[in-house]
Amino acid sequence: MSAGKADIVVAGHICLDIIPDMQQSGGSVEGMLTPGKLTQVGPALVATGGAVSNTGLALHRLGFPVRLMGKIGNDGFGKTIVEVLESYGNGLADGMIVAEGEHSSYSIVISPPGVDRIFLHATGANDTFRAADVRPEMLAGARLFHFGYPPLMRRMYERGGEELERLLSGAKSAGLTVSLDLARPDPGSPAGRADWRSILARTLPHVDVFLPSYEEILFMLRPDRYQALAREYGSEALLRYADGEELSRLAGELLGMGAAVVALKLGEYGLYVRTTDDPARLSAMGPCAPQSTAAAGWTGRELLAPCFRVGTAGTTGAGDCTIAGFLGGLAQGLALEQTLLCAVGTGACNVERADAVSGVPAWSEVRRRIAAGWPQRERTVPLPGWRRIDAGDGACLYEKG
């Protein structure tokens, strides 16, 4: 695939994940990390991670022409990142930004059997990603610009998010539809202490489709509630405590900041979406705006799509692949209902494999499984006052009102 023929640009955070096989390591984590001790491990899995890799490669596997635009150093890890991307298709690394003298981002994933993973992460060149790195010719011919994980990219959240605003407004001014995804930072880190409400208020007027997770946006808009729930339940896994009313309030605030479409990822509980009730704002989405025949079905809606039933091998990259499915439906001009089903369908395919993207099939296969009556999970968040609606092909959605 030629980088010059991209319909969708996926930019933002990228890193190299180094995952030693620790099945034979034995002992406790504390014992393994004792100073001076040699711990025997197996071969390492080397893979790319981050929004550029996960969402970008998922779109590529679905069959959409995509350009990947992450920032790496001209070091060994950067060369490995390029090699991994190119292994998925010739030209997929052509849009990467190589920074002379900088080091590439990497993570060492320590994952002993039966223990939560430990991540050692170096942000690397992600921290210096700036609006000027995205040159106008790199957007030529594209219709959609997706940016992911600014909380893991220092320049994007410093100075009140002015660089993130410059980047997104530039893509919007170039005539593209703009979408944005987040990541949840460590609360004690500089990113975790940033004023995200203020950052979102200045950037969302330039964002057409905003796709954070519930936990990410709760942390950013309601930090006191987030911390209270985390203390009360002894965990930052808070999806089970969401409900329809809270989702509606959060999305309503984000629409008020300027976004046209807000989709909140809910993990195993599905995908929630709320859209603006202003037809003019929908029309202003740009090349991927719902066309006249579908626009009415996108206006002033609140829907939740339950997940499809699959055997789960791993959840790495599930949210990013769900985003890829949503953007694919948007780019193809599908109705909102079908776009939601394609989103959770792509995410479901992802979790059938342990890694981030190899489970994602061609777009036609995702749609075939949905059309064949793919069973959905019954479990979702509480939705008081919502109604179950028929979405066709035996699939259902829940709608407020």
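The structure this text deals with has already been given above.
Residues numbered from 1 in each chain as written. Predicted model: local features only at pLDDT ≥ 70, side-chain atom pairs only at ≥ 80, totals over all residues. Heavy atoms only, no water.

Colleague: I tried to follow the sheet that holds strand E6 (residues 106-110) on my own but got confused; where do I start?
Modeller: The strands making up a sheet associate through backbone hydrogen bonding, with each pair oriented either parallel or antiparallel. Taken together, the four strands give an open sheet; going across it, the order is E3-E2-E6-E7, and neighbouring strands pair in mixed fashion. The two strands at the open ends of the sheet, each matched to only one other strand, are strand E3 (44-49) and strand E7 (118-122). Strand-to-strand twist across the sheet, computed as the mean angle between neighbouring axes with direction ignored, equals 20°. Here strand E2 (residues 15-20) pairs with E6 via three bridges, running parallel. Within the sheet, the bridge partner assigned to Leu16 lies in E6 and is Tyr106. (Pairing = 2+ DSSP bridges. Helix = DSSP H or I, 4+ residues; strand = E, 2+ residues; numbered from the N terminus. Axes fitted to C-alpha atoms, helices over the stretch in contact; angles between N-to-C directions.)

Colleague: What's the story with the nonpolar core in this structure? I'm lost.
Modeller: Soluble globular proteins tend to bury their nonpolar side chains together. Grouped together as the largest cluster of nonpolar side chains are 63 residues, with contacts concentrated most on Leu68, Val261 and Phe326. In terms of residue count, helix H14 (residues 336-350) provides more of this core than any other element does, eight residues in total. Those residues in contact with Val261, other than ones at most four positions away along the chain, are Asp208, Val209, Phe210, Leu255, Val273, Arg274, Thr275, Leu282, Met285, Trp298 and Phe326. Within the second largest apolar cluster, 60 residues are counted, among which are Leu139, Phe147, Leu266 and Tyr269. (Core = buried A, V, L, I, M, F, W, Y, C linked by side-chain atoms within 4.5 Å. Buried < 20%, exposed > 50% of the residue type's maximum accessible area, 1.4 Å probe, protein only. Contact = heavy atoms within 4.5 Å.)

Colleague: What am I meant to see in unusual backbone geometry here?
Modeller: Most of the time, phi is negative for any residue but glycine, and the peptide bond is trans. Unusually for a residue other than glycine, Arg159 sits at a positive phi of about 50°. Classification of Arg159 by relative accessible area gives exposed; the value is 66%. Phi at Asp393 takes a positive value of approximately 60°, unusual for a residue other than glycine. With respect to the helices and strands, Asp393 occurs in the loop between strand E14 (386-392) and strand E15 (395-400).

Colleague: I'm lost on the packing of helix H7 (residues 196-203) against helix H10 (residues 244-257) in this one. Help?
Modeller: For any two helices packed against each other, the geometry is given by the interaxial angle and the distance between the axes. With their axes 8 Å apart at the nearest point, H7 and H10 run at an angle of 50° to one another. Looking at the two axes, H7 sits oblique to H10. Within the contact between the two elements, H7 uses Arg197, Leu200 and Ala201 and H10 uses Glu253, Leu254 and Met257. When the residues that make up the contact of H7 with H10 are grouped by side-chain class, the tally is four nonpolar, no polar and two charged. (Parallel < 35°, antiparallel > 145°, perpendicular 65-115°, else oblique. Nonpolar A, V, L, I, M, F, W, Y, C, P; charged D, E, K, R; others polar.)

Function-wise, these values are silent; they only describe arrangement.
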